[in-house]
Amino acid sequence: MNISQQRGGVGPQARGTDRSLARRAELISIGRKLFADTSYDALSMDDIARHAHVAKGLIYYYFKSKRGYYLAIVEDSVAELVTSAAAGLELPAVDRVHRTIDRYLRYAEHHQAAYATIVSGGVGFDTQVHAIRDGVREAIVATIAEGAYGRRDISPLARMGLFAWVCSVEGATLDWIARPGLTRDSMRELLVKTLGGTLRAIEELEPRYTAPPPARRDG
């Protein structure tokens, strides 16, 4: 055991790993800004390297290819969206649903290009980006289920009801950020109301999934 290990210090390899992770995160951050303003096809690796002020080889070192770089950016955006939407576990169930929808809309509002990429499935028919998008949908369904029913493992019918609602939210949110005629508060309340309708429909078809009281007030 060397001196740094005896003293609980961080060895050279760990420091090197930290620097590598920081550099990779920095490149992803730069890429998110680039692809927010410019289409995928319009950016070459030379363009990316020039904007990032690094050698092109460094990008290949971390991401292997332009596509690998793009996918890393999409995955980073997805992680931020899901983490933001799923926050607030300490809140009561109904408040958690409101928080989830509000944070979802906030993300879409402030990261419009990234959001559009996630829900539209990327460049052309990109199966990997579609898989990432499907993962986002399932994560949001699970978050809403936990907020509404206190559990994530729900029946196929209840899952399909929430899944259909999430897909409708994607389309409505894309239109909202393209034509922002509603405030975020109004948009959130509209989506909460439509979720209430979905929860009541699920209860009607499968009574063991009781809609939370706020959803029942409108019935």
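Structure's up top.
Below or above, wherever it landed, is the structure these notes cover. (Residues numbered from 1 in each chain as written. Predicted model: local features only at pLDDT ≥ 70, side-chain atom pairs only at ≥ 80, totals over all residues. Heavy atoms only, no water.)

### Overview of the side chain of Asp47
Locating Asp47 in the fold gives a position in helix 3 (residues 45-52). Within the local environment of Asp47, its side chain forms a polar contact with the backbone nitrogen of Ser44, the two atoms lying 3.0 Å apart. (Helix = DSSP H or I, 4+ residues; strand = E, 2+ residues; numbered from the N terminus. Polar contact = N/O pair within 3.5 Å; in protein donor to acceptor, adjacent residues only side chain to side chain.)

### Some details on the pattern of salt bridges
Evaluated as defined, the whole model comprises 18 salt bridges. A salt bridge links Asp134 to Arg137; the nearest nitrogen and oxygen atoms lie 3.8 Å apart. Placement of the pair is Asp134 and Arg137 together in helix 8 (residues 127-149), with a separation of three residues, close to one helical turn. By relative accessible area, which is 35% here, Asp134 ends up partly exposed. Classification of Arg137 by relative accessible area gives buried; the value is 12%. Asp175 is the partner of Arg179 in a salt bridge, and the nearest nitrogen-oxygen pair spans 2.8 Å. Given a relative accessible area of 37%, Asp175 falls into the partly exposed group. Through salt bridges that share partners, Asp102, Arg106, Glu109, Arg184, Asp185, Arg188 and Glu189 make up one connected network. (Salt bridge = Lys/Arg side-chain N within 4 Å of Asp/Glu carboxyl O. Buried < 20%, exposed > 50% of the residue type's maximum accessible area, 1.4 Å probe, protein only.)

### Details of the side chain of Thr198
Along the chain, Thr198 falls in helix 10 (residues 184-205). For Thr198, a relative accessible area of 17% corresponds to the buried category. With sequence-adjacent residues up to four places away left out, Thr198 is seen in contact with Gly161, Leu162 and Trp165. (Contact = heavy atoms within 4.5 Å.)

### Re the packing of helix 8 against helix 9 (residues 156-178)
Between helix 8 and helix 9, the least distance of the axes is 9 Å, while the angle of their chain directions is 120 degrees. The pairing of helix 8 with helix 9 is recorded here as oblique in orientation. In the packing of helix 8 onto helix 9, the handedness of the crossing is right-handed. Within the contact between the two elements, helix 8 uses Arg137, Glu138, Ile140, Val141, Ile144, Ala145 and Tyr149 and helix 9 uses Arg159, Leu162, Phe163, Trp165, Val166, Cys167 and Glu170. Of the residues that constitute the contact of helix 8 with helix 9, the class distribution is 10 nonpolar, no polar and four charged. (Axes fitted to C-alpha atoms, helices over the stretch in contact; angles between N-to-C directions. Parallel < 35°, antiparallel > 145°, perpendicular 65-115°, else oblique. Left-handed = near helix turned anticlockwise from the far one by under 90°. Nonpolar A, V, L, I, M, F, W, Y, C, P; charged D, E, K, R; others polar.)

### A few points about empty space enclosed by the protein
One pass over the structure, following the stated rule, counts two cavities of 30 Å³ or more. There is about 70 Å³ of room inside the largest cavity. Considering the residues around the largest cavity, the lining is formed by Thr100, Ile101, Tyr104, Ile140, Ile144, Trp165, Val166, Val169 and Leu191. Elements with a contribution of two residues or more to the lining of the largest cavity: helix 6 (93-110), helix 8 and helix 9. Residue composition of the lining of the largest cavity, grouped by class: eight nonpolar, one polar and no charged. Leu81, Tyr104, Tyr115, Ile118, Val119, Arg133, Val136, Arg137, Ile140, Val166 and Glu170 are the residues that line the second largest cavity. Sorting the residues of the lining of the second largest cavity by element identifies helix 7 (112-120), helix 8 and helix 9 as the ones contributing at least two each. For the lining of the second largest cavity, the element with the highest residue contribution is helix 8, accounting for four residues. A per-class count over the lining of the second largest cavity returns eight nonpolar, no polar and three charged. (1 Å grid on protein atoms, 1.4 Å probe; cavity = no way out; pocket = protein on both sides within 12 Å on 5 of 7 lines; lining within 4 Å. Points joined across faces, edges and corners; volume = space filled by probe spheres on them.)

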